[in-house]
Amino acid sequence: MKTPLLDVRHVEISYNGRPVVQDVSFQVEPGEILGIVGESGSGKSTLIKAAMGLLGIGGAVTKGDIYYNGRNVIDAKPDEIRRMRGPAMGMIFQDTGASLCPVRSIGDQLYESVNQHEKASREEVRQRALDLFEKMRLPDGDRILNSYPFELSGGMNQRVGILMAMVLRPKLLFADEPTSALDVTVQAQVVREMIQMREAYGTGIVIVTHNIGVVEYMADNIAVMYRGNLVEYGKKEDVIYHPREDYTKRLIGSVLRVNRG
């Protein structure tokens, strides 16, 4: 029996002893895109932070297990989790620009990120980045690598976030509201670029968003969160066109869709 890339089993997550996510289970297969949707405060981002070991002070998985490629990350030591971040599991944050150093070039930051996990020359990292920019159909890769974050638009910094997450070619990529701060046109471009990364490398992706339109465009399966509970989970077509729960029906009817093109 094939091992899922990500296997979340009956997970409860608490902050300072108070449960904020309760009894959530789902799986992600290699190359699959799972969209986790729901309103703010529903526990979407908390789930992927738990998988990455990023819950922060007061946060803990208090019940259940989270397996990455058969390894229970709940039992993993902090240094083991740190080693997994990047080569095994990558992360795209909501506002990549805020996490970039303003006084260092994109190329320098990318080189430092890679060398946290593997030994590579600056030229090797540069060429790998240029190859990714080409796959993302972005021109001027050299200019971007030589730029500082403040010299780039918000949309371009977000693409840099995809590049930095993908340069180590992780098997699993988490994307936490990666398009929410962007205008609709750039949202669609960023979504297409993540799909291209899946096609190029077979990367499994978990995208967290409040926008049903984004997951309708890119996801294979959808998980719907409401007040810390998983209220609906299944194939995209079933959840979008034949929702069972009233909350899912309201959510589908209330958010902007990304037009196909």
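Below is a short write-up of the structure. The model shown is predicted, which means the values in this text are computed figures rather than measured ones.

## Focus: the overall build of the protein chain
Per the secondary structure count, the protein chain includes 11 helices and 10 strands. Computed over C-alpha atoms, the radius of gyration of the protein chain comes to 18 Å, within 12% of the 18 Å expected from 2.2 N^0.38 for 261 residues, which places it in the range of a compact globule. Along the first, second and third principal axes, the C-alpha atoms of the protein chain reach 50 × 45 × 40 Å. A burial count over the protein chain gives 52% of its 261 residues as buried.

## Structural notes on the layout of surface pockets
As a volume, the largest pocket reaches approximately 660 Å³. Taken together, 23 residues line the largest pocket, and the ones lying closest to its centre are M91, F93, S113, H117 and M164. Elements supplying a minimum of two residues to the lining of the largest pocket: α2 (78–84), β6 (89–92), α3 (96–99), α4 (106–115) and α7 (154–166). Broken down by element, the lining of the largest pocket gets its largest block of residues, four residues, from β6. Tallied by class, residues from the lining of the largest pocket come to 10 nonpolar, nine polar and four charged. Lining the second largest pocket we find 17 residues, and of these A50, G53, L55, V73 and I74 sit closest to its centre. Broken down by secondary-structure element, the contributors of at least two residues to the lining of the second largest pocket are α1 (44–52), β4 (59–68) and α2. Considering only residue class, the lining of the second largest pocket consists of 11 nonpolar, three polar and three charged.

## Quick notes on the side chain of D176
If you trace the backbone, D176 turns up in strand β7 (residues 172–176). Despite its burial, D176 pairs with no opposite charge; the closest candidate is K49, at 4.9 Å N-O. A distance of 2.6 Å separates a polar atom in the side chain of D176 from a polar atom in the side chain of S45. Setting aside its immediate chain neighbours within four residues, D176 contacts S45, I48, K49, M91, I92, F93, Q94 and V208.

## Some thoughts on the sheet that holds β7
Two orientations exist for strands paired in a sheet by backbone hydrogen bonds: parallel and antiparallel. The mixed open sheet is built from six strands, whose spatial order is β6-β7-β8-β3-β9-β10. Taken across any chain shown, the strands that pair with only one partner, and hence form the sheet edges, are β6 and β10 (229–235). When the angles between neighbouring strand axes are averaged without regard to direction, this sheet yields 15°. As judged from the six bridges shared by strand β9 (residues 221–226) and β10, these two strands associate in the antiparallel manner.

## Let's talk about the sheet that holds strand β5 (residues 71–72)
Pairing is antiparallel across the open sheet formed by four strands, whose spatial order is β2-β1-β4-β5. At either margin of the open sheet sits one strand with a lone partner, and together these are β2 (18–28) and β5. Where β4 and β5 come together, two bridges link them in antiparallel fashion. Bridging across to β5, Y67 finds its partner in N72.

About the thresholds
- Residues numbered from 1 in each chain as written.
- Predicted model: local features only at pLDDT ≥ 70, side-chain atom pairs only at ≥ 80, totals over all residues.
- Heavy atoms only, no water.
- Helix = DSSP H or I, 4+ residues; strand = E, 2+ residues; numbered from the N terminus.
- Rg over C-alpha atoms; globule rule 2.2 N^0.38 Å.
- Buried < 20%, exposed > 50% of the residue type's maximum accessible area, 1.4 Å probe, protein only.
- 1 Å grid on protein atoms, 1.4 Å probe; cavity = no way out; pocket = protein on both sides within 12 Å on 5 of 7 lines; lining within 4 Å.
- Points joined across faces, edges and corners; volume = space filled by probe spheres on them.
- Nonpolar A, V, L, I, M, F, W, Y, C, P; charged D, E, K, R; others polar.
- Lys, Arg positive; Asp, Glu negative; His and termini not counted.
- Salt bridge = Lys/Arg side-chain N within 4 Å of Asp/Glu carboxyl O.
- Polar contact = N/O pair within 3.5 Å; in protein donor to acceptor, adjacent residues only side chain to side chain.
- Contact = heavy atoms within 4.5 Å.
- Pairing = 2+ DSSP bridges.
- Axes fitted to C-alpha atoms, helices over the stretch in contact; angles between N-to-C directions.

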